[in-house]
Amino acid sequence: MSDRGHVELDRTITAIVVGERHRRDAGDLTQLMDSMKRVGLLQPVTITPDGYLICGYRRLEAAKQLGWSTLRVWVRSGISDELTRLLAERDENTTHKPLAAEEAAKLYAELRVLIDEDAARRMRSTQFGHENEEPAGQPGHAESAWPQGGLGSARRRAAEMVTGKASYARLEQILEMERIAANRGLPKDLRKIAEGELAAIRNGGAVDPGYQKVKAAHRMAELMKSGDGDGVDEDLDEALELGEPVASEHTVAFTVFIVCGPSYPECHLLRLSLLDKPLD
């Protein structure tokens, strides 16, 4: 977890800017407000150095309804300019240029880190309390993030803030292709395939078909691994580009999924079953 930031004990609530990406129904705040009245705010909301809200919308709304004028905040440094601009959007009726798929994935990944950091600080505060607050170990109502439910919830919240939709599958697919393209420990031809599919996405191509091709190539690379790794790149290139069979030192069985025209100008390998576990 990053420690890039500092606590401010008395940030004026009206100075915290809530962008359009945060505007939503805060839900029932009764339990949250009761907890905050009893023990105060155990976990500060997270803002950018410019005062834009990152995490803690429900905490902020509860403080407003309690009539508080100031709030303890965590000022998180190191926020990209792109994410700052996203958080600063104020008017839902303003026409914005749609985010490109890779740009959305980048912002989603950055925001997920911040949401995860906030959740980790919240967990620590509810377990041990703050050094200036009593009692320690209070229930986490005052620090409840939106939505609750772990990693999947953090992903949904990040996706919702970036794209306006709770679905994060395509964003995660792009990030996985970027990881494969950047992994120098993988065969160079596999990395080239990932780079090619990312380039196609940048030019408006669909994410899922490219992702399935990259993952299929990744699985094939795993199948073709030799003891010393020699020849993997060449064999993978032949198998993917030339369609030649893959040799093995023993008989194996597996299921192959291939998609061809009219949807695509050429056939693509989509999926391989586990080795020696063909699908019925």
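Residues numbered from 1 in each chain as written. Predicted model: local features only at pLDDT ≥ 70, side-chain atom pairs only at ≥ 80, totals over all residues. Heavy atoms only, no water.

### What about a nonpolar patch on the surface?
Right, on to step 1. Where nonpolar side chains cluster on the molecular surface, the patch consists of Phe 254, Val 256 and Ile 258 and spans about 260 Å² of accessible area.
Right, on to step 2. In this fold, Val 256 is placed in strand β5 (residues 256-259). (Patch = residues over 30% accessible without salt bridge, like charges linked within 9 Å, V, L, I, M, F, W, Y side chains within 5 Å. Areas by Shrake-Rupley, 256 points an atom, 1.4 Å probe, with all protein chains shown as cover. Salt bridge = Lys/Arg side-chain N within 4 Å of Asp/Glu carboxyl O. Helix = DSSP H or I, 4+ residues; strand = E, 2+ residues; numbered from the N terminus.)

### Describing the sheet that holds strand β1 (residues 5-12)
Right, on to step 1. Pairing is mixed across the open sheet formed by four strands, whose spatial order is β1-β4-β2-β3. In the strand order of this sheet, the two ends are held by β1 and β3 (53-55), each with one partner. Ignoring strand direction, the axes of neighbouring strands in this sheet form an average angle of 40°.
Right, on to step 2. Bridge count between β1 and strand β4 (residues 70-76): six bridges; the pairing is antiparallel. Each residue of the ladder has a partner; that of Thr 12, found in β4, is Thr 70. (Pairing = 2+ DSSP bridges. Axes fitted to C-alpha atoms, helices over the stretch in contact; angles between N-to-C directions.)

### What about the side chain of Thr 46?
Right, on to step 1. Position of Thr 46 relative to the elements: it lies in strand β2 (residues 45-47).
Right, on to step 2. With a relative accessible area of 1%, Thr 46 lands in the buried category.
Right, on to step 3. Within polar-contact distance, the side chain of Thr 46 engages the side chain of Asp 118 at 3.1 Å.
Right, on to step 4. Not counting residues up to four positions away in its chain, the partners in contact with Thr 46 are Tyr 52, Leu 53, Ile 54, Cys 55, Trp 74, Arg 76, Asp 118 and Arg 121. (Buried < 20%, exposed > 50% of the residue type's maximum accessible area, 1.4 Å probe, protein only. Polar contact = N/O pair within 3.5 Å; in protein donor to acceptor, adjacent residues only side chain to side chain. Contact = heavy atoms within 4.5 Å.)

### Points about the pairing of β4
Right, on to step 1. Most of β4 sits inside the fold, with six of its seven residues counted as buried.
Right, on to step 2. Sheet topology note: the β2/β4 ladder contains three bridges and is parallel. Of the residues in β4, the one forming a bridge with Val 45 is Val 73.

### With respect to the pattern of salt bridges
Pairing is possible between side chains of opposite charge, provided their charged atoms come close.
Right, on to step 1. This structure, assessed with the given rule, holds 13 salt bridges.
Right, on to step 2. With its nearest N and O atoms 2.7 Å apart, the salt bridge here joins Glu 172 to Arg 112. One end of the pair, Glu 172, is in helix α6 (residues 169-182); the other, Arg 112, is in helix α4 (residues 101-128), with 60 residues separating them in the sequence.
Right, on to step 3. According to the relative accessible area criterion, Glu 172 is buried, its value standing at 15%.
Right, on to step 4. A salt bridge links Glu 172 to Arg 155; the nearest nitrogen and oxygen atoms lie 3.3 Å apart. Here the residue Glu 172 occupies a position in helix α6, and Arg 155 occupies one in helix α5 (residues 151-163), the gap between them amounting to 17 residues.
Right, on to step 5. Judged by relative accessible area, Arg 155 falls into the partly exposed class, the value being 22%.
Right, on to step 6. Connected through salt bridges with shared partners, the residues Arg 112, Arg 155 and Glu 172 form a single ionic network.

### Looking at the environment of Tyr 52
Right, on to step 1. Inspection of the secondary structure assignment puts Tyr 52 in the loop between β2 and β3.
Right, on to step 2. For the pair Tyr 52 and Val 18, spaced 34 residues apart in sequence, the C-alpha separation works out to 6.2 Å.
Right, on to step 3. If we ignore the near neighbours within four places in the chain, the residues touching Tyr 52 are Val 17, Thr 46, Ile 47, Thr 84, Leu 87 and Ala 88.

### Things to note about the packing of α6 against helix α7 (residues 188-202)
Right, on to step 1. Running from amino to carboxyl end, α6 crosses α7 at an angle of 140°, the nearest separation of the two axes being 8 Å. When the axis of α6 is compared with that of α7, the two are oblique. Relative to α7, α6 is oriented so that their crossing is left-handed. Along the contact surface, α6 presents Ile 174, Met 177, Glu 178, Ile 180 and Ala 181, while α7 presents Leu 190, Arg 191, Ala 194, Glu 195, Glu 197, Leu 198 and Ile 201. (Parallel < 35°, antiparallel > 145°, perpendicular 65-115°, else oblique. Left-handed = near helix turned anticlockwise from the far one by under 90°.)

### So, the confidence of the model for the protein chain
Right, on to step 1. In this model, the protein chain carries a mean pLDDT of 76, and residues with pLDDT of at least 70 account for 68%.
Right, on to step 2. Put simply, helix α9 (residues 232-242) is where the protein chain has its lowest mean pLDDT, 52, and α6 is where it has its highest, 95.
Right, on to step 3. Note that pLDDT drops below 50 for residues 128-149; the model gives that stretch 49 contacts with residues more than four away or on any other chain.
Right, on to step 4. Segment residues 226-232 is flagged for pLDDT under 50; beyond a separation of four residues in sequence, or across chains, it makes four contacts in the model. (pLDDT = per-residue confidence, 0-100.)

### A few points about the packing of α6 against helix α8 (residues 207-223)
Right, on to step 1. At their nearest, the axes of α6 and α8 sit 10 Å apart, and the two run at 40° to each other. Comparing their axes, α8 and α6 come out oblique. At the point where α6 passes α8, the crossing takes the left-handed sense. Contacts between α6 and α8 pair Arg 170, Gln 173, Ile 174, Glu 176, Met 177 and Ile 180 from the former with Val 207, Asp 208, Gly 210, Tyr 211, Gln 212, Val 214, Lys 215 and His 218 from the latter.

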